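Given next are the chains, with one letter for each unit.
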Amino acid sequence: MSPVLHAHADAVVVGGGVIGAAIAHRLALAGLGRIVLCDQGRVSAQGATSRSGGLLRLHHTSAADTRLAARSLPVFEQWADVIGGDCGYRRTGFVMIVGEEHADGLRQNAAAASDAAGYRRTEVVDAAELKALYPGLRTEGVGLAAYEPEGGYADPLAATAALLGAAYRLGVSPSEGIRAVKVLERAGTVTGVLTSIGRIDSPLVVLAGGAWGSAPAEYLGIHIPVTARRIGLAQAELPGAGRRGSAASVPTCIDDTTGSYFRPDGLDRFYFGVPSKPDTELGRDVEPLTESELEAAIAAVAHRVPAAAAAPLAGTRSGLDGYTPDKRPVVGAAGPDGLYLALGFSGGGFKLAPAVAELAALEITEGGAVPGKAVQQLLEPYRPQRFLAGHPIRPEAPYDHM
Ligand SMILES: Cc1cc2nc3c(=O)[nH]c(=O)nc-3n(C[C@H](O)[C@H](O)[C@H](O)COP(=O)(O)OP(=O)(O)OC[C@H]3O[C@@H](n4cnc5c(N)ncnc54)[C@H](O)[C@@H]3O)c2cc1C
């Protein structure tokens, strides 16, 4: 006898990373009915989310991204009240460092962050002011920096577990170890999804499967240009890194002059980024970081945090995220009625998840984008159709690495 899956759902969300979990939660809050959240592995543990550094910042090089980040940050700050539980938010301050040649662009991007975030401050600081704020930083080559006091990091696993918990309390059913193979449609309308162990009938399918996520739509001739990229992080011992006022104190930081990023991890450790590897094969296991990759990353980060050169390593992480050609996500309806995509977060989806989920759920439950509705316009730049139409997102004030 063949196995029988849920006979019917009002919505199937494919992908139990932070994006799928946040969307399932928002759809449940909106009272959508029976929502199935399916993942090919364990929810929250399988994809980019569980490997993520969790950096939180407003500063971006495109105002569209800044607006989503600004709508998301208050959720991380007030997590217990808005979602419930703890997302591990730590306010360390965020600093964006650029060389002299990008000073004007940094001022423009910092102004966009201040505009988008209302009362939250973004200050433009020079090298001496930066050193006073974070003595653990070396400031050679700093042209200008943007300082966001409320920036920092959260714990992506804890945040996703909290979102899942909130969704389950509202009746969302998790289905683990089930791969969505193909979105099903009849006469231009979604009828469900065929999975590795049977079919789920549903008028709504949300594809939120990260690097793997566009495959179930390919059968409908919908090609979303998302490729997998391996991103790495390393953790090192750095006593005092997270102790504000200590001589070793560092912020959560992106340093465009070296292409590196880092953040404290608790009080005495820190994380730093290891350059990503484009066009990675989509296997089940992600290759661990190699010694030579780590050497290059340590050299880059040690330029800004000299103590990192001799800091003993405590561990590494590597994960796959889906990248689009303009390195911005794809969010919106595509193809038959009832298909919605939230994919390709290109190494930056964690910090945007609360706003993306809120706005996507609003669109879905209102039956599509409502013309002229201001909040929904926040998603307009991210539509799946922009690549075919030749309108990728172009940053207003780009840097060397962003
Ligand atoms: C090392 C690293 C560091 C990062 N640092 C940051 C950071 O500092 N700040 C930040 O904002 N972002 C960061 N990111 C990026 C961020 O983590 C991702 O953009 C975000 O987690 C993407 O979430 P997601 O839910 O779209 O995808 P994922 O977390 O990858 O989840 C997708 C899920 O969908 C499931 N799935 C896929 N296809 C199917 C299918 N057909 N059927 C069933 N299940 C399916 C997968 O098993 C997976 O569980 C980092 C990423 C990595 C890897």
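Residues numbered from 1 in each chain as written. Predicted model: local features only at pLDDT ≥ 70, side-chain atom pairs only at ≥ 80, totals over all residues. Heavy atoms only, no water.

A. Layout of the pattern of salt bridges. Under the definition given, this model contains 14 salt bridges. Salt-bridge contacts for Glu 176 lead to Arg 42; the nearest nitrogen and oxygen are separated by 2.9 Å. Of this pair, Glu 176 sits in strand β9 (residues 173-176) while Arg 42 sits in the loop between β2 (35-39) and β3 (55-56), placing them 134 residues apart in sequence. For Arg 42, a relative accessible area of 54% puts it in the exposed group. Here Asp 104 ties to Arg 107 by a salt bridge, and the two come within 3.0 Å at their closest N and O atoms. (Salt bridge = Lys/Arg side-chain N within 4 Å of Asp/Glu carboxyl O. Helix = DSSP H or I, 4+ residues; strand = E, 2+ residues; numbered from the N terminus. Buried < 20%, exposed > 50% of the residue type's maximum accessible area, 1.4 Å probe, protein only.)

B. Region of interest: the sheet that holds strand β10 (residues 180-186). Ordered in space as β10-β11-β12, the three strands form an open sheet in which the pairing is antiparallel. On the outer flanks of this sheet lie β10 and β12 (198-201), each paired with one strand and no other. Sheet twist, expressed as the mean angle between neighbouring strand axes with direction ignored, is 25°. (Pairing = 2+ DSSP bridges. Axes fitted to C-alpha atoms, helices over the stretch in contact; angles between N-to-C directions.)

C. The arrangement of the site of the ligand in detail. Taken together, 36 residues lie around the ligand, and Asp 39, Thr 49, Leu 55, Ala 180 and Asp 321 are the ones closest in. A distance of 2.5 Å is found between an oxygen atom of the ligand and a side-chain nitrogen or oxygen belonging to Thr 49. At 3.1 Å, a side-chain N or O of Ser 52 approaches an oxygen atom of the ligand. For the ligand, the accessible surface in isolation is 1000 Å², of which the surrounding protein chains cover 98%. Listed by contribution, the elements that provide at least two residues to the shell around the ligand are α1 (18-29), β2, β14 (227-237) and β18 (313-323). When the residues that make up the shell around the ligand are grouped by side-chain class, the tally is 15 nonpolar, 16 polar and five charged. Lining the shell around the ligand are residues from two domains, each supplying at least three of them: domain 1 (11-49 + 157-226 + 326-389) and domain 2 (92-151 + 229-322). (Near = heavy atom within 4 Å. Polar contact = N/O pair within 3.5 Å; in protein donor to acceptor, adjacent residues only side chain to side chain. Areas by Shrake-Rupley, 256 points an atom, 1.4 Å probe, with all protein chains shown as cover. Nonpolar A, V, L, I, M, F, W, Y, C, P; charged D, E, K, R; others polar. Domains from an automatic or database assignment.)

D. Up close: the sheet that holds β3. Taken together, three strands build an open sheet; the order of strands is β3-β8-β4 and the sheet is antiparallel. Of all the strands in the sheet, the pair left with one neighbour each is β3 and β4 (90-91). Relative to strand β8 (residues 152-153), β3 runs antiparallel, the two being bridged by two bridges. By the bridge assignment, Leu 56 is partnered in β8 with Gly 152.

E. Focus on the pairing of β12. Examined bridge by bridge, strand β11 (residues 189-195) and β12 share four bridges and lie antiparallel to one another. Looking at the pairing, Val 193 lines up with Ile 200 of β12. Hairpin geometry of β11 and β12 is characterised by an intervening segment of two residues between the two adjacent antiparallel strands.

F. View of the domain arrangement of the protein. Once the domains are mapped, the protein shows domain 1 (11-49 + 157-226 + 326-389) and domain 2 (92-151 + 229-322). Tallying the contact residues gives 12 residues for domain 1 and eight residues for domain 2. Of the roughly 740 Å² buried between domain 1 and domain 2 on both sides combined, carbon and sulfur atoms contribute 57%. Considering only the surface of domain 1 that becomes buried against domain 2, Ala 48, Ala 211 and Trp 212 emerge as the three largest contributors, covering 53% of it. On inspection of domain 1 and its partner domain 2, the count reaches zero salt bridges. Residues belonging to the side of domain 1 that touches domain 2 are distributed by class as follows: five nonpolar, five polar and two charged. (Contact = heavy atoms within 4.5 Å. Buried area = accessible area lost by both parts, 1.4 Å probe.)

G. Here's a closer look at the side chain of Ser 346. Within the fold, Ser 346 resides in the loop between β20 (339-343) and α9 (353-365). Overall, the relative accessible area of 10% leaves Ser 346 in the buried class. At a separation of 3.3 Å, a polar atom in the side chain of Ser 346 contacts the main-chain amide nitrogen of Thr 324. For Ser 346, the side chain forms a polar contact with the main-chain oxygen of Gly 344, separated by 2.9 Å. Those residues in contact with Ser 346 that lie beyond four places of it in its chain are Asp 321, Gly 322, Tyr 323, Thr 324, Lys 327 and Arg 328.

H. Geometry of the packing of aromatic side chains. Tallied over the full model, the rule gives five aromatic pairs. Consider the rings of Phe 76 and Phe 350, whose centres lie 5.1 Å apart with planes at 50°: the pair is tilted. Of this pair, Phe 76 sits in helix α2 (residues 63-77) while Phe 350 sits in the loop between β20 and α9, and the two are 274 residues apart along the sequence. On the accessibility criterion, Phe 76 (3% relative accessible area) is buried. Owing to a relative accessible area of 6%, Phe 350 belongs among the buried residues under this scheme. Judged by centre distance (5.6 Å) and plane angle (40°), the rings of Phe 270 and Phe 272 are tilted. Phe 272 carries the same exposure label as Phe 270, and that label is buried. By the ring-pair criterion, three or more aromatic residues cluster together here, those being Phe 76, Trp 79 and Phe 350. Just above the ring of Tyr 323 sits the side chain of Arg 229; from NZ or CZ to the centre is 4.5 Å. (Phe/Tyr/Trp six-rings, centres within 6.5 Å; stacked < 30°, edge-to-face > 60°. Lys NZ or Arg CZ within 6 Å of the ring centre and 35° of its normal.)

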